[in-house]
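# Fold and contact review
Residues per chain, in single letters:
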Amino acid sequence: MKVEIFSDVACPWCYIGHVRFGRAAERFRAKGGTLDVTMRPFQLNPDASPEGEPLVSALERKFGANVEQMSVRVTAAASAEGLDVRFDRAISAPTFEAHRLIEVAGRQGLGEEMADRLFRAYFAEGVNVADPAALAGLAAEAGVDDTGEGAAEVREQLGRARRLGISGVPLFLFEEQFAVSGAQPEETFAAAIDEVAARTGQTPIVQLADQGDGCDDGYCAV
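About the thresholds
Throughout this document, residue positions are counted from 1 along each chain, in the order its sequence is written. Given that this is a predicted model, residues contribute local features only at a pLDDT of at least 70 and side-chain atom pairs are listed and counted only at 80 or more, while totals for whole chains, interfaces and linings are drawn from all residues. Hydrogens are left out, water is left out, and the side-chain values use all remaining heavy atoms of the structure. When the centres of two rings from Phe, Tyr and Trp lie within 6.5 Å, Trp using its six-membered ring, the rings pair. Their planes under 30 degrees apart give stacked, over 60 give edge-to-face, and anything left gives tilted. A run of DSSP states H or I qualifies as a helix once it reaches four residues; a run of E qualifies as a strand once it reaches two. Both are numbered from the N-terminal end. Summary of the burial criterion: residues with accessible area below 20% of their type's maximum are buried, those above 50% are exposed, and those between are partly exposed, where the area comes from a 1.4 Å probe applied to protein chains only.

Moving on, we come to the packing of aromatic side chains. One pass over the full model with this rule turns up 7 aromatic pairs. Taken together, a centroid distance of 5.1 Å and an interplanar angle of 10 degrees make the contact between Tyr15 and Phe119 stacked. With Tyr15 in helix α1 (residues 12-30) and Phe119 in helix α5 (residues 111-123), this residue pair connects regions lying 104 residues apart in the sequence.

So, in structure tokens, the structure goes:
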């Protein structure tokens, strides 16, 4: 099953949704299902300064006095998932290069892992994700070889998101036709995966008993 996750590493609800979906995906895989997950870019604040500024200051400029109330709610939701989200540490910066790195990582089978590392760097560690040196260090930690490529693909996918009418993230697009918006509970994601599998004939085979003796790829149990 093909799943595309449109998100931004500067979005706390994307971080929470990323983790919740990941748990639901593992449940589906444990049943024998296959998910091909691709991270897709979205930029909440493409005009942010590359030098970075405290996220709280950037949010206050945009939302005013509601920032504290919003941050308390998000922090509590993140904590319930075992995530450390620190608005007091986070640095607002453009995320294009972070998305480019995720694109490169995806080609190496590490897109989800790279996104997870970037989320943690942004929200827990106060890393400026527009800083080339910081990105190089994060790539190395995730085992990603940054080839410097991917910018054209990121621009293409940002344009595709606009054409699809995506105005908020996270958004989970299944088989290019079924969508789930927002950081839904794990059970909601699990139900959505199962429903798409049923609709598209990809429901995993359910084993009704423990596997007995047999043959596999020319080898037989003896």
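Moving on, we come to unusual backbone geometry. In this structure, the amide linkage connecting Val169 to the following residue, Pro170, adopts the cis form with an omega of 5 degrees. Inspection of the secondary structure puts Pro170 in the loop between α7 (151-163) and β5 (171-174). Residues other than glycine seldom take positive phi values, yet Glu175 does so here, at roughly 50 degrees. Within the secondary structure layout, Glu175 lies in the loop between β5 and β6 (178-181). With a relative accessible area of 25%, Glu175 lands in the partly exposed category. Of note, the phi angle at Glu176 is positive, near 60 degrees, even though the residue is not glycine.

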